[in-house]
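# Architecture and fold: a report
What follows is each chain in one-letter form.
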Amino acid sequence: MSSASLENILRKYDGSPHNLLQILREVQEAEGWISPERVAELEQALAMPRSKIVGAASFYSFLHLEPVGHYRILFSDNITDRMLGNQALMEQLCNLLWVEPGKVSEDGLVSVTTTSCTGMCDQGPALLVNGRAITRVDAARIEALAERVRNQVPLAEWPAEWFQVDDNVRRRDILLDSQFEPGSALRALHARVETQGVQASNPRSWREGLPRGLVGPATMLDEVKHANLRGRGGAGFTTALKWEACRNAPLAPGQDRIVVCNADEGEPGTFKDRVLLTSHADMVFEGMTLAAYAVGARRGFLYLRGEYRYLLEHLEGVLARRRRDHLLGHNILGIPGADFDIRIHVGFGAYVCGEESALIESLEGKRGTPRNRPPFPVTNGYLDQPTIVNNVETFAATSLIALHGGEWYRNIGTAQSAGSKILSVSGDCERPGIYEFPFGVTVAEVLEACGARDTQAVQVSGPSGFTIAAHEFERKICFEDIPTAGAFMVFDKRRDMFEVARNFVHFFAHESCGFCTPCRVGTSLLRNLMDKLHNGQGSPYDFQEIERLNHILQAMSHCGLGHSACNPVLDTIEKFRPAYEARMVHRDFTPAFDLDRALSQARQMTGRDDEMAHFGTEHGDAR
Ligand code: SF4
């Protein structure tokens, strides 16, 4: 990379240390990795200590401070990818390319390893090559892929259909079925304010004395409040309360309010945001603009998960068009007080950045470590400014509310869960994909719609959510019963629910950010315990250990990842106990580490026939 190229990147990001991660991404995209020379140059240019640059970069699994293969291949390793045979496919590729999993080939040409979940569960098995998703991988595709790697064919010349990502929308409702016109929600809101003034669909006497410039934002806030919109990220916090707190937070001189769209959907089994951003981006950006209008923000960010990097150019194109059409920028559609623009921040494969305060840290160019709360982001968020963070689907719903009114919206769904929910359905069913239902749909109805047969369990809301067994299939998807961020993974009777839980526990151990000891150590111990059961060394003692770890993780972890890490194990122990009891092969405690087994390979290599020699028995002497 020439110094002029680096200068261009720095200029693009205002030479600001807060944009460090995006600068590093562009450097890596140009050179394949972030070399010590580039780190030294950035140290000078950004006036940042090297330790901060390296510390931030080393946090993210998609940023590389060491050379990686010219072709970097990451197999998606979600449980549904495993069910589709990803492990055999990875082994096949490694054999064809003569490369060990997790290592770079000796000639530096290729590396092959796994990543948690690429958000392609409806069209898996999937993998990423240099950040680009290849879907529907099978043995023939692996063979053809290996050949292209060996012949060093540029990615741009690989068959386009390999990179095809389908929306797979199977059921539409109010949101996915709306023929949304860019700007229509902003115009509808403005028209309502202009024609009805304080007599909007839900008149509030408190608006009567408001200065004219504040009537529009108050009307938007009021519609969202009246709609009873709740956050679609899973927790279901009341959106209007969050926005109101941000709007009312005092601003220090030079500060702004900030709107952030959390498109870092890293929960395994979730891929609805992928579809919203691909085919309904205007609805999402317009929702952000309406939110900004309501809270009085002028700056916004879309935090795009690294696995969706391929959407960046498309999303930048939508933003550019919206700027041209006066739907972003200064004085949007001539509406007083509507000044707002959006920047896209690409993430780097850290699940914990889905947590809002970790996401804000990452936006500021730092490691994605969750913050202590309070203070909350609504008062002290991005660069200590009042910030709202909402889910992609929440912003899309905001556009609908502005368009049709809060009254219309609250009449859809259930008493406490207004509107619709988009579900990402994957696993053992005939028609995996995207399903939108009004809140209140039962698990059984979703299973029927997606063509699931002989289902024994559904994992709702990903590994941190709920394992729903067959006797619970009449339960409802809504905040009153089963809240969800959207993942709906189906497991039929062929599946071993112990292995499902073990996969989830491995995921948590891998994604723990390591900041707090209970989670860093606890998730690893939990993983080891599950592996111990898997290896046939389980005893009732291990059940007690799992219970103990759960208490520690629940009580002492710093954020939701640690709190929920035991959920899949506890749920499956309760509902699929035989799967665990089959692994309780010992009555008494049995250590996980078997020294004799560990030494067996060395014995074999040296031709020794002295099993148990380390005990100093008649078979041998320990000395
Ligand atoms: Fe990080 Fe886990 Fe602690 Fe959360 S609970 S801060 S993910 S170590």
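Owing to the predicted nature of the structure, the values given are computational and were not obtained by experimental measurement. (Residues numbered from 1 in each chain as written. Predicted model: local features only at pLDDT ≥ 70, side-chain atom pairs only at ≥ 80, totals over all residues. Heavy atoms only, no water.)

Right, let's get into helix H20 (residues 540-556). Its 17 residues give H20 an end-to-end C-alpha distance of 25 Å, which sits within 8% of 24 Å, the value for a rise of 1.5 Å per residue. For H20, the set of buried residues is Asp542, Phe543, Glu545, Ile546, Leu549, Asn550 and Leu553. Seen from one end, H20 has its buried residues packed into an arc of 160°, which puts them on one side. Facing away from the buried side of H20, by more than 90 degrees, are the exposed residues Gln544, His551, Ala555 and Met556. Buried residues along H20 sit in contact with helix H19 (517-534), helix H21 (560-564), helix H22 (567-575) and helix H23 (577-581). (Helix = DSSP H or I, 4+ residues; strand = E, 2+ residues; numbered from the N terminus. Expected span 1.5 Å × (residues − 1). Buried < 20%, exposed > 50% of the residue type's maximum accessible area, 1.4 Å probe, protein only. Arc of directions from axis to C-beta. Contact = heavy atoms within 4.5 Å.)

Pairing is mixed in the open sheet, where 6 strands are placed in the order S5-S11-S10-S14-S12-S13. Looking along the sheet, the strands with just one partner apiece sit at the ends: strand S5 (169-171) and strand S13 (466-469). Recorded for the sheet is a direction-independent mean angle of 30° between the axes of neighbouring strands. Bridging between strand S10 (residues 420-427) and strand S14 (residues 487-492) involves 4 bridges; their strand directions are parallel. Directly across from Ser426, in S14, lies its bridge partner Met489. (Pairing = 2+ DSSP bridges. Axes fitted to C-alpha atoms, helices over the stretch in contact; angles between N-to-C directions.)

Time to look at the side chain of Gln28. Take Gln28: it is sitting in helix H2 (residues 20-31). Other than its neighbours up to four places away in sequence, Gln28 contacts Trp33, Ile34, Phe62, Leu63 and His64.

Across the sheet, 4 strands lie side by side as S8-S7-S6-S9; this open sheet has parallel pairing. Every other strand in the sheet has two partners, leaving strand S8 (341-346) and strand S9 (387-391) as the edge strands with one partner each. Between one strand and the next, the sheet's axes are offset by a mean angle of 20°, whatever the strand orientation. With 6 bridges joining them, strand S6 (residues 258-263) and strand S7 (residues 299-304) adopt parallel strand pairing. Looking across to S7, one finds that Cys261 is bridged to Leu302.

Glancing now at the packing of helix H1 (residues 3-12) against H2. Across the interface, H1 lies against H2 with an axial gap of 10 Å and an inter-helix angle of 150°. With respect to H2, the axis of H1 lies roughly antiparallel. You can see that H1 and H2 cross each other, and the crossing is right-handed. Between H1 and H2, the contacting residues are Leu6, Ile9, Leu10 and Lys12 on the first element and Ile23, Glu26 and Val27 on the second. (Parallel < 35°, antiparallel > 145°, perpendicular 65-115°, else oblique. Left-handed = near helix turned anticlockwise from the far one by under 90°.)

The subject of this paragraph is the pattern of salt bridges. For the structure shown, the criterion picks out 45 salt bridges. A salt bridge links Asp282 to Arg321; its shortest N-O distance comes to 2.6 Å. A residue pair is termed long-range when its members are at least 10 positions apart, and Asp282 in helix H12 (residues 281-295) and Arg321 in helix H13 (residues 312-324) qualify at 39 residues. Residue class for Asp282 comes out buried when judged on its relative accessible area of 11%. Its relative accessible area of 25% is what places Arg321 among the partly exposed residues. Here Glu286 ties to Arg322 by a salt bridge, and the two come within 2.9 Å at their closest N and O atoms. Here Glu286 is found in helix H12, whereas its partner Arg322 is found in helix H13, with 36 residues between them in sequence. Arg322 shares its class with Glu286; the two are buried. Three or more residues joined by partner-sharing salt bridges are found here, namely Lys12, Arg25, Glu26, Glu29, Arg309 and Glu313. (Salt bridge = Lys/Arg side-chain N within 4 Å of Asp/Glu carboxyl O.)

Many analyses report the size of an interface as the accessible area lost when the parts associate. Assigned domains within the chain: domain 1 (3-59), domain 2 (71-163), domain 3 (233-401), domain 4 (420-495) and domain 5 (498-581). For domain 3 and domain 5, the distance between their C-alpha centroids amounts to 33 Å. Across the contact, 10 residues belong to domain 3 and 8 residues belong to domain 5. Here domain 3 packs against domain 5, burying approximately 760 Å² in sum over the two surfaces, 75% of which is carbon and sulfur. When the area that domain 3 buries against domain 5 is broken down by residue, the three leading residues are Tyr351, Val352 and Pro370, summing to 54%. For the pair domain 3 and domain 5, the number of links is 0 salt bridges. Split into classes, the residues belonging to the side of domain 3 that touches domain 5 amount to 5 nonpolar, 4 polar and 1 charged. (Domains from an automatic or database assignment. Buried area = accessible area lost by both parts, 1.4 Å probe. Nonpolar A, V, L, I, M, F, W, Y, C, P; charged D, E, K, R; others polar.)

This paragraph deals with the packing of helix H18 (residues 497-511) against H19. Describing two packed helices takes the angle between their axes plus the distance from one axis to the other. Between H18 and H19, whose axes approach to 8 Å, the crossing angle comes to 150°. The orientation of H18 relative to H19 falls into the category roughly antiparallel. Note that H18 runs across H19; the crossing there is left-handed. Taken together, the residues of H19 that come into contact with H18 (itself represented by Phe498, Glu499, Ala501, Arg502, Val505, His506, Phe508 and Ala509) are Thr523, Ser524, Leu526, Arg527, Met530, Asp531, Leu533 and His534. Grouping the amino acids of the contact of H18 with H19 by side-chain chemistry returns 8 nonpolar, 4 polar and 4 charged.

Looking now at unusual backbone geometry. Residue Pro374 is bonded to the preceding Arg373 through a cis peptide linkage, with omega at -5°. Along the polypeptide, Pro374 turns up in the loop between helix H14 (356-363) and S9. Following Pro374, the chain continues into Pro375 via a peptide bond in cis, with omega recorded as 0°. Even without being glycine, Asn168 reaches a positive phi, approximately 55°. For Asn168, the position within the fold is in the loop between helix H7 (139-150) and S5. Residue classification places Asn168 among the buried residues on the basis of a relative accessible area of 18%.

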